[in-house]
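Summary of structural features
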Amino acid sequence: MRVGSTETAEPVVSVRKPYKLVSRDFHPDDSVIQVGNVAFGGNKVIVMSGPCAVESREQVMQSAEFMQRIGVPVLRGGAYKPRTSPYSFQGMRVEGLKILAEARERYGVLIVTEAVDHESLANVAEWADIVQIGARNMQNFELLKAAGQTGKPVLLKRGLAATIDEWLMAAEYIAANGNMNIILCERGIRTYETKTRNTLDISAVPVVKQLSHLPVVIDPSHAAGQWQWVAPLARAGVAAGVDGLIIEAHPNPAEALSDGPQSLNFRHLEELMGEVGLIAQALGRDL
Ligand code: PEP
Ligand code: MN
């Protein structure tokens, strides 16, 4: 430090760090997680999009065809759905995974889909490219250990009421089990506010990027709960420095079996891609 400088050698955020492998102390440079031809944590902002749930072969093929057309490299779609109500649509399970894998073959998109337990994890690891661990399972430590052991890239969502340290400790479980291919996803946390489904913790983006070398993405869809608020939050995320976005989009949101109100139609998704592309460019990145 220069004499007379106002700079300080101390980190801006000074916290006790119970995690090691996922900490920047362990790996000072940004980690780049390569999944097929897509790199998370590099110069590109990676967009993942598709329906909340796999509902039919036709719905998935329509979605994959559109993603390929507008340059979205990763298709999302839940085959196993952790629904709040046991009476809600629970997902197409293995049949859904096979449809996603067929879409990958036909349209060249990568697949991210959720595993909810050990059985689904084995199936997701077999059929998909990225294993999603959902907010409700962020502290399912046995599932995190098993996800580590698969070696497959993991998209780890932040729990509904998890602190940043708890979230990073969940990532540490995956890393400690031999898998450093982890992408962190802020998807909104529960606060006193009820107008939005959750509160997108945008501050988590710079904080986690300082504390950890892992790529950070946001899911503005589950944060907002309403499609009209998804694009503004996505724009804010890209401005804040995210490495990617995961956005729910459906060929016909009004007919969606899951999360229709927060799903963009394809026209709105294409508009969002244009907007976030401009913001990424202004920051020296691209989509
Ligand atoms: C989802 O991505 O559809 C989902 C269930 O997300 P979360 O775990 O963040 O609620
Ligand atoms: Mn959803």
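A brief structural summary. (Residues numbered from 1 in each chain as written. Chains lettered and ligands numbered in written order. Predicted model: local features only at pLDDT ≥ 70, side-chain atom pairs only at ≥ 80, totals over all residues. Heavy atoms only, no water.)

**Examining the environment of Ala-234**
The residue Ala-234 is located in helix α8 (residues 230–240) in this model. On a C-alpha basis, the gap between Ala-234 and Lys-145 in space is 31 Å, while along the polypeptide they are 89 residues apart. The residues touching Ala-234, leaving out its near neighbours within four places in the chain, are Ile-218, Pro-220, Leu-245, Ile-247, Leu-272 and Val-276. (Helix = DSSP H or I, 4+ residues; strand = E, 2+ residues; numbered from the N terminus. Contact = heavy atoms within 4.5 Å.)

**Examining helix α6 (residues 204–211)**
Ala-204, Val-205, Val-208, Lys-209 and Leu-211 are the residues of α6 that are buried. Seen end-on, α6 carries its buried residues on one side only, within an arc spanning 165°. On its buried face, α6 sits against α5 (164–176), β8 (182–186), β9 (216–218) and α8. (Buried < 20%, exposed > 50% of the residue type's maximum accessible area, 1.4 Å probe, protein only. Arc of directions from axis to C-beta.)

**Some remarks on the packing of helix α4 (residues 141–150) against α5**
The interhelical angle for the contact between α4 and α5, taken along N-to-C directions, is 45°, at an axis separation of 7 Å. By the criterion of interaxial angle, the relationship of α4 to α5 is oblique. Every pair of crossing elements has a handedness; the one defined by α4 and α5 is right-handed. Judged by residue contacts, Phe-141, Leu-144, Lys-145 and Gly-148 of α4 engage Ala-170, Tyr-173 and Ile-174 from α5. (Axes fitted to C-alpha atoms, helices over the stretch in contact; angles between N-to-C directions. Parallel < 35°, antiparallel > 145°, perpendicular 65-115°, else oblique. Left-handed = near helix turned anticlockwise from the far one by under 90°.)

**Let's talk about the site of ligand 1**
Inspection of the region around ligand 1 gives Cys-52, Arg-76, Lys-81, Glu-114, Gln-132, Gly-134, Ala-135, Arg-136, Lys-157, Arg-187, His-222 and Glu-248 as its neighbouring residues. Within the contact set of ligand 1, an oxygen atom lies 2.8 Å away from a backbone nitrogen or oxygen of Ala-135. Compared with its free state, where it exposes 290 Å², ligand 1 has 97% of that area covered by protein. The cavity that encloses ligand 1 is the largest pocket. Counted by class, the shell around ligand 1 contains 2 nonpolar, 3 polar and 7 charged residues. (Near = heavy atom within 4 Å. Polar contact = N/O pair within 3.5 Å; in protein donor to acceptor, adjacent residues only side chain to side chain. Areas by Shrake-Rupley, 256 points an atom, 1.4 Å probe, with all protein chains shown as cover. 1 Å grid on protein atoms, 1.4 Å probe; cavity = no way out; pocket = protein on both sides within 12 Å on 5 of 7 lines; lining within 4 Å. Sits in = over half its atoms within 2 Å of the grid points. Nonpolar A, V, L, I, M, F, W, Y, C, P; charged D, E, K, R; others polar.)

**Observations regarding the sheet that holds strand β5 (residues 110–115)**
If you walk around this closed barrel you meet the 8 strands as β3-β4-β5-β6-β7-β8-β9-β10, and the pairing is parallel. The average angle at which neighbouring strand axes cross in this sheet is 25°, direction not considered. One ladder, built from 3 bridges, connects strand β6 (residues 130–133) with strand β7 (residues 154–157); its direction is parallel. Bridge pairing in β7 links Ile-133 to Leu-156. Where α5 meets the sheet, it contacts β7 and β8, and its direction lies at approximately 160° from that of β8. (Pairing = 2+ DSSP bridges.)

**Remarks on the packing of aromatic side chains**
Within the structure shown, the criterion is met by 2 aromatic pairs. Judged by centre distance (4.5 Å) and plane angle (10°), the rings of Phe-66 and Phe-266 are stacked. One end of the pair, Phe-66, is in helix α1 (residues 57–70); the other, Phe-266, is in helix α9 (residues 266–282), with 200 residues separating them in the sequence. (Phe/Tyr/Trp six-rings, centres within 6.5 Å; stacked < 30°, edge-to-face > 60°.)

**Things to note about the nonpolar core**
If you look at the biggest cluster of nonpolar residues, it comprises 71 residues, and the most contacted ones within it are Leu-75, Leu-156, Ile-182, Leu-184 and Leu-245. Here this core takes 7 residues from α5, the largest share from any one element. Counting residues in each nonpolar core, the second largest holds 15 residues, with Ile-33, Ile-46, Leu-110 and Val-217 among its members. (Core = buried A, V, L, I, M, F, W, Y, C linked by side-chain atoms within 4.5 Å.)

**Section: the pairing of strand β10 (residues 244–248)**
The element β10 is largely enclosed, with a buried count of 5 among its 5 residues. Looking at chain direction, β9 and β10 are connected through 2 bridges and run parallel. Bridge assignment links Val-217 to a residue of β10, and that residue is Gly-244.

**What to know about unusual backbone geometry**
What is expected of a backbone is that most residues other than glycine have negative phi and most peptide bonds are trans. A positive phi is found at Arg-93, a non-glycine position, where the angle reads about 55°. Its place among the elements puts Arg-93 in helix α2 (residues 93–107). For Asp-259, which is not glycine, the phi torsion reads 55° and is therefore positive. With respect to the helices and strands, Asp-259 occurs in the loop between β10 and α9.

Function cannot be read off these values alone, since they describe shape.
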